[in-house]
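# Residue-level structure breakdown
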2 protein chains.
Amino acid sequence: MLPPKHRDFFKKLLAQDFEDDSAYLRAYAYDATRQKFLPDCVIYPRNEEEIAKILLYCSAHKIPVVPRGAGSGMSGGALCVSGGVVLAMEKYFHQILEIDTKNMLARVQPGVINKDFQKAVQELGLFYPPDPASQDFSTLGGNVSENAGGMRAVKYGITKDYVLALRAVLPNGEIIRAGKKTIKDVAGFNLVGLLCGSEGSLAVITEITLKLLARPKYEQVAMGVFARMQDAMNAVYDTLNSGIIPVALEFLDMLTIQALNQKFNKNFPHDAAAILIVQVDSDLKVHLEHQIHSLRTVFLRHHCMEFESEDEKEKSQEIWFLRRNASQSLSIYGKKLNEDITVPRGNLIGLLAGIEKISAKYGFKIACFGHAGDGNVHVNIMIDNPTEENLALGYQAVEELFELVIALEGTLSGEHGIGISKAPFMHLAFSEQEMELMRAIKKAFDPHNILNPSKMGL
Amino acid sequence: MLPPKHRDFFKKLLAQDFEDDSAYLRAYAYDATRQKFLPDCVIYPRNEEEIAKILLYCSAHKIPVVPRGAGSGMSGGALCVSGGVVLAMEKYFHQILEIDTKNMLARVQPGVINKDFQKAVQELGLFYPPDPASQDFSTLGGNVSENAGGMRAVKYGITKDYVLALRAVLPNGEIIRAGKKTIKDVAGFNLVGLLCGSEGSLAVITEITLKLLARPKYEQVAMGVFARMQDAMNAVYDTLNSGIIPVALEFLDMLTIQALNQKFNKNFPHDAAAILIVQVDSDLKVHLEHQIHSLRTVFLRHHCMEFESEDEKEKSQEIWFLRRNASQSLSIYGKKLNEDITVPRGNLIGLLAGIEKISAKYGFKIACFGHAGDGNVHVNIMIDNPTEENLALGYQAVEELFELVIALEGTLSGEHGIGISKAPFMHLAFSEQEMELMRAIKKAFDPHNILNPSKMGL
């Protein structure tokens, strides 16, 4: 509950764009983690100046402020863990302000949905590659704040690789610009780079300038089935070294393949230990075919049992169906604890071997699939009998997984961010001195610690 | 001159790797700006622990410390403007520690020369794209600190796009790691992004992990001569929108072409207003030819007078000779004041028109060439009679140029950084609040302001 003084201030400033009715508070209490923290109020800011006034007031009174896009984050970044104000950006910050074909860039407000933006630029022959799994509903502001990844990262990189410039409001109410509409800009510190992935804890982003590419004319999907994971991974390394840069290079493990067989009536061989799904693209048909031919050669060299490639849209979608429904299919094994971790791709085999040991130790099946091309694996610890005791054991297994990942020079999160979900594990990845440095940076932006406090373990 | 107490401390710690003989001080007093500031001593640190001890001591006694690679910077980043310690990295930090072909990355020390590194990875079929003009002598540590660009930025981006991870020593003597050996890493703030381009003012970089690509098998150069700059620029926009992503897309203006004619006995038509030089690459010969064919089509559509493309290495080098010697050829016009600025490439025509007005106002020839593909232009104000008075006028013209660039949504520096050269112009590009934020970040890393002080206008 907001003290009446604060309530009066907000109500006067925002009128009908201030809400503290319990229905609103409940609607903004959750995110994709399914955890729930009630905010004290919901604010729909109409412009930068209003955000400036709100932040200035909240700084003066030490009221937490949590900027929020679609609330689809997987690590709790949009949760009001200390109550306070939700700054809901979807109502007034959802415009594509400009698509500039000459400079191949766009200016957008943070509440624009990723997929809507992809479609808008596609109509002009342009291409915005970052495609997080949440692309149908997540916002570009959320994508920037979490530095979202996606399937296309192998060839096209991640969100930060497309952010040229930002406008943002600081906790002290100042409006800043960072970056320019240019690929090259080395004047001053790289504030754009720092704000990308800062999980809404440094500033409220109000405008994003994104780099666009020309849309590749052709794309094609291929799939290979392998009897040994080691062969599949060797095929991954050889593919990348051969000069092919696939758009996506995904893998499914044996447990996932068996779940797909069972759940969706597929017929993959029962001894299939790995499936690789590859997408390639080009502006030239024969170049596309060249890539598919090279892929086939590399895959067969590594004992691929079945190789399939489809240029028909429908059949391509059948292949992608497997990857997109991998997560869902795992429900046949029970409740899942799923973690998004990344290791250098050369260590994927070591990671999977370590995961097998954890599986044996705890007696839980652990199914893995994800982005083999960039070492980003979605690890699913399956609890067939989710008693409280078993879930507690499952979380122990998660902690062991994180220790394994760090030992293999990996990172706690490749895509989802730290938020609150992984905050307890930051000590595994960072020294106390590194945490202190991050706290000092946080303080430089937000001396009263009002912006999305208690996230990232800071 | 160092007080004897400090001198004794360093001498004891470093023995023969401490120098304060005047010959050494003079040798480390300059950089590519040709300005001169004598340090108080030169230190060749042998390892991270030694750097930690030096920084801790210098923090305690507020002694400036300037990390230095090859001293080839164009903006004074390596100059000891307040005396103090030069931390010369070339003696003990010049090893390529690891080239990992499976993960397509390398770990290097900051003193490795860019070109040596490019050659080393090329021998393994790999490719490190950033190629600043100083590549034959500049160090990777300097490249990271200045976030160096180069010719290949259109297709391949700039230094920051290749830095996966860093090790660095903070002014408080703590050794930190930032980033991982992975493309995706969203755990904690993006310290790697912040350290790239921080001009040695936040931390001393001791190790760099760089992303590598597979080396494209084929490359080819093409050249087009245009009678109107507007046609050439339209050809640039159409090329990029057509789906061709050239490795490099360079332009020369009329004054530069005439200088090349005169200095190197070339025969370009006297009415040639612009030359475009384009490099394309591919892993497939026919794809390369497709790109050249598309380029020719686009160029001819925009009234290109002569189109030439060469797959023979020797003839390619003749074309590149023009671009590489553009700067030198301008000496026929007198002494040059050269500035490296960038505008969104759609504003290049506006920039060149504005530059013509400045030229008319001051009566100086102004020759332009550079990276049309990314809007990064090297502007050369030519002073035929470099009296003190004329040079002062020249610097006035420079200031007007910067105002023009900012008005066209450009940046003070696309490649060279701010250092001291452009520090007086930071107020044109940044608000006082933005400068304050950068000062606060600097303070978070370096509370006693010892690391490369007085740079960037901070």
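Treat the numbers as computed from the prediction; the structure is a model and nothing was measured.

This part is about the interface of chain A and chain B. Each partner contributes to the interface: chain A provides 84 residues, whereas chain B provides 84 residues. In total, chain A and chain B occlude about 7000 Å² of area from one another, counting both sides; carbon and sulfur atoms represent 62% of this. The largest contributions to the chain A side of the interface with chain B come from Lys184, Val186 and Phe189 of chain A, which together make up 14% of the buried area. Note that glutamate 409 of chain A is salt-bridged to lysine 181 of chain B, the shortest N-O span being 3.3 Å.

With that out of the way, let us pick up the relation of the copies chain A and chain B. Expressed as a screw transformation, the operator carrying chain A onto chain B has a rotation angle of 180 degrees and an axial translation of 0.0 Å, and the superposed copies differ by an RMSD of 0.0 Å. In short, the pair behaves as if placed about a two-fold rotation axis. For chain A, the minimum C-alpha distance to the rotation axis belongs to glycine 193 of chain A and amounts to 2.5 Å. Looking at chain A, 100% of its interface residues are interface residues in chain B too, so the copies touch through the same face.

Let us look at the domain arrangement of chain A. All names here are of chain A. Domain parsing of chain A yields domain 1 (96-214) and domain 2 (218-408). Computed over C-alpha atoms only, the centres of domain 1 and domain 2 are separated by 29 Å. At the junction of the two partners, domain 1 supplies 8 residues and domain 2 supplies 14 residues. A combined buried area of about 860 Å² lies between domain 1 and domain 2, and 61% of that area is made up of carbon and sulfur atoms. When the buried area of domain 1 at its contact with domain 2 is split by residue, Met151, Val154 and Lys155 rank highest and sum to 76% of it. Note that aspartate 281 and lysine 155 form a salt bridge whose closest N and O atoms lie 2.6 Å from each other.

Residue and element names in this part refer to chain B. Running from N to C, helix 8 (residues 229-241) and helix 13 (residues 348-362) point in directions that differ by 155 degrees, and their axes come no closer than 10 Å. If you check the angle between helix 8 and helix 13, you find them roughly antiparallel. Pair helix 8 / helix 13 crosses with right-handed handedness. Taking contact as the criterion, the partners of Met229, Gln230, Met233 and Tyr237 in helix 8 are, on helix 13, Leu348, Ile349 and Leu352. Class assignment of the residues belonging to the contact of helix 8 with helix 13 gives a composition of 6 nonpolar, 1 polar and no charged.

To continue, consider the packing of helix 13 (residues 348-362) of chain A against helix 14 (residues 388-407) of chain A. Between two packed helices, both the angle of their axes relative to each other and the distance between the axes serve to describe the pair. All names here are of chain A. Here helix 13 crosses helix 14 at 155 degrees, and the two axes come no closer than 10 Å. In this view, helix 13 runs roughly antiparallel relative to helix 14, as classed from their interaxial angle. In terms of crossing hand, the pair formed by helix 13 and helix 14 is right-handed. Across the interface between the two elements, Leu351, Gly354, Ile355, Ile358, Lys361 and Tyr362 of helix 13 pack against Leu393, Gln396, Ala397, Glu400, Leu401, Leu404 and Val405 of helix 14. Looking at side-chain class alone, the contact of helix 13 with helix 14 contains 9 nonpolar, 2 polar and 2 charged residues.

Here the focus is the pattern of salt bridges. Two side chains with opposite charge may pair up if their charged atoms get near one another. Tallying each qualifying case throughout the model produces 48 salt bridges over all chains. One salt bridge in this structure joins arginine 107 of chain B and glutamate 98 of chain B, with 2.7 Å as the shortest N-O distance. Note on arginine 107 of chain B: relative accessible area 23%, which makes it partly exposed. When its relative accessible area of 22% is taken as the criterion, glutamate 98 of chain B is described as partly exposed. Three or more residues are tied together by salt bridges with common partners; here these are Glu98, Arg107, Lys181 and Glu207 of chain A together with Glu409 of chain B.

With respect to the helices and strands, the residue aspartate 17 of chain B is situated in the loop between helix 1 (4-14) and strand 1 (18-19). Polar side-chain contacts of aspartate 17 of chain B include one of 2.8 Å to the side chain of lysine 91 of chain B.

Our focus in this paragraph is the sheet that holds strand 9 (residues 175-179) of chain B. Residue and element names in this part refer to chain B. Strands sit in the order 5-6-10-8-9 across an open sheet of 5 strands; the sheet is antiparallel. Two strands lie at the open edges of the sheet, namely strand 5 (96-100) and strand 9, each paired on one side alone. When strand polarity is set aside, the average angle formed by the axes of neighbouring strands in this sheet is 10 degrees. On top of the sheet, helix 4 (residues 114-122) reaches strand 5, strand 6 (105-108) and strand 10 (204-211); it is set at about 35 degrees to strand 5, its chief contact.

For the rest of this paragraph, the subject is unusual backbone geometry. Phi at arginine 34 of chain A takes a positive value of approximately 70 degrees, unusual for a residue other than glycine. Among the structural elements, arginine 34 of chain A can be located in the loop between helix 2 (22-27) and strand 2 (41-43). We note that lysine 62 of chain B has phi near 50 degrees; this positive angle belongs to a residue other than glycine. Relative to the helices and strands, lysine 62 of chain B is located in the loop between helix 3 (48-61) and strand 3 (65-68).

A ring pair, where both rings are aromatic, is described by two values, the distance of the centres and the angle of the planes. Scanning the model with the defined rule gives 24 aromatic pairs over all chains in all. With a centroid separation of 6.1 Å and an interplanar angle of 70 degrees, the aromatic rings of tyrosine 28 of chain A and tyrosine 44 of chain A are classed as edge-to-face. Highlighted residues: tyrosine 28 of chain A in the loop between helix 2 and strand 2 and tyrosine 44 of chain A in the loop between strand 2 and helix 3 (48-61), separated in sequence by 16 residues. Among the residues examined, tyrosine 28 of chain A registers a relative accessible area of 10% and is labelled buried. Between phenylalanine 402 of chain B and phenylalanine 425 of chain B, the aromatic rings sit 4.6 Å apart at their centres with planes inclined by 55 degrees, giving tilted as the arrangement. One end of the pair, phenylalanine 402 of chain B, is in helix 14 (residues 388-407); the other, phenylalanine 425 of chain B, is in the loop between helix 14 and helix 15 (426-429), and 23 residues separate them in sequence. Taken individually, phenylalanine 402 of chain B and phenylalanine 425 of chain B each receive the classification buried, so the pair is uniform in this respect. Members of the aromatic cluster, joined through ring pairs, are Phe9, Phe10, Phe18 and Tyr57 of chain A. The residue whose ring lies beneath lysine 91 of chain A is tyrosine 44 of chain A, and the NZ or CZ to ring-centre distance is 4.8 Å. Residue placement shows lysine 211 of chain B over the ring face of tyrosine 162 of chain B; its charged tip is 5.5 Å from the ring centre.

Let's shift gears to the sheet that holds strand 13 (residues 248-253) of chain B. All names here are of chain B. Strand order in the open sheet formed by 7 strands is 15-12-14-13-17-18-16, with antiparallel pairing between adjacent strands. With one partner strand each, in any of the chains shown, strand 15 (304-310) and strand 16 (335-342) form the two edges of the open sheet. On average, adjacent strands in this sheet sit at an angle of 15 degrees to one another, irrespective of strand direction.

With that settled, the discussion passes to the pairing of strand 6 (residues 105-108) of chain A. All names here are of chain A. Sheet topology places strand 5 (residues 96-100) next to strand 6; 4 bridges connect them, and they run antiparallel. Bridging across to strand 6, glutamate 98 finds its partner in arginine 107. Counting the residues between successive antiparallel strands, the hairpin from strand 5 to strand 6 contains 4 residues, one of them, methionine 104, with a positive phi of roughly 50 degrees. Strand direction decides the pairing type here: strand 6 and strand 10 (residues 204-211), joined by 4 bridges, are antiparallel.

Attention now moves to the state of the cysteines. All told, the structure shown has 0 disulfides over all chains when counted by the stated rule. Note on cysteine 196 of chain A: no disulfide assigned, nearest cysteine sulfur contributed by cysteine 196 of chain B at a separation of 13 Å.

A few words on the side chain of threonine 411 of chain B. Tracing the sequence through the fold places threonine 411 of chain B in the loop between helix 14 and helix 15. In contact with threonine 411 of chain B, other than residues within four places in its own chain, are Lys180, Thr182, Lys184, Asp185 and Ala187 of chain A together with Ile341, Thr342 and Val405 of chain B.

Calculation rules
- Residues numbered from 1 in each chain as written.
- Chains lettered and ligands numbered in written order.
- Predicted model: local features only at pLDDT ≥ 70, side-chain atom pairs only at ≥ 80, totals over all residues.
- Heavy atoms only, no water.
- Contact = heavy atoms within 4.5 Å.
- Buried area = accessible area lost by both parts, 1.4 Å probe.
- Salt bridge = Lys/Arg side-chain N within 4 Å of Asp/Glu carboxyl O.
- Least-squares fit on C-alpha atoms with pLDDT ≥ 70 in both.
- Domains from an automatic or database assignment.
- Axes fitted to C-alpha atoms, helices over the stretch in contact; angles between N-to-C directions.
- Helix = DSSP H or I, 4+ residues; strand = E, 2+ residues; numbered from the N terminus.
- Parallel < 35°, antiparallel > 145°, perpendicular 65-115°, else oblique.
- Left-handed = near helix turned anticlockwise from the far one by under 90°.
- Nonpolar A, V, L, I, M, F, W, Y, C, P; charged D, E, K, R; others polar.
- Buried < 20%, exposed > 50% of the residue type's maximum accessible area, 1.4 Å probe, protein only.
- Polar contact = N/O pair within 3.5 Å; in protein donor to acceptor, adjacent residues only side chain to side chain.
- Pairing = 2+ DSSP bridges.
- Phe/Tyr/Trp six-rings, centres within 6.5 Å; stacked < 30°, edge-to-face > 60°.
- Lys NZ or Arg CZ within 6 Å of the ring centre and 35° of its normal.
- Disulfide = S-S within 2.5 Å.

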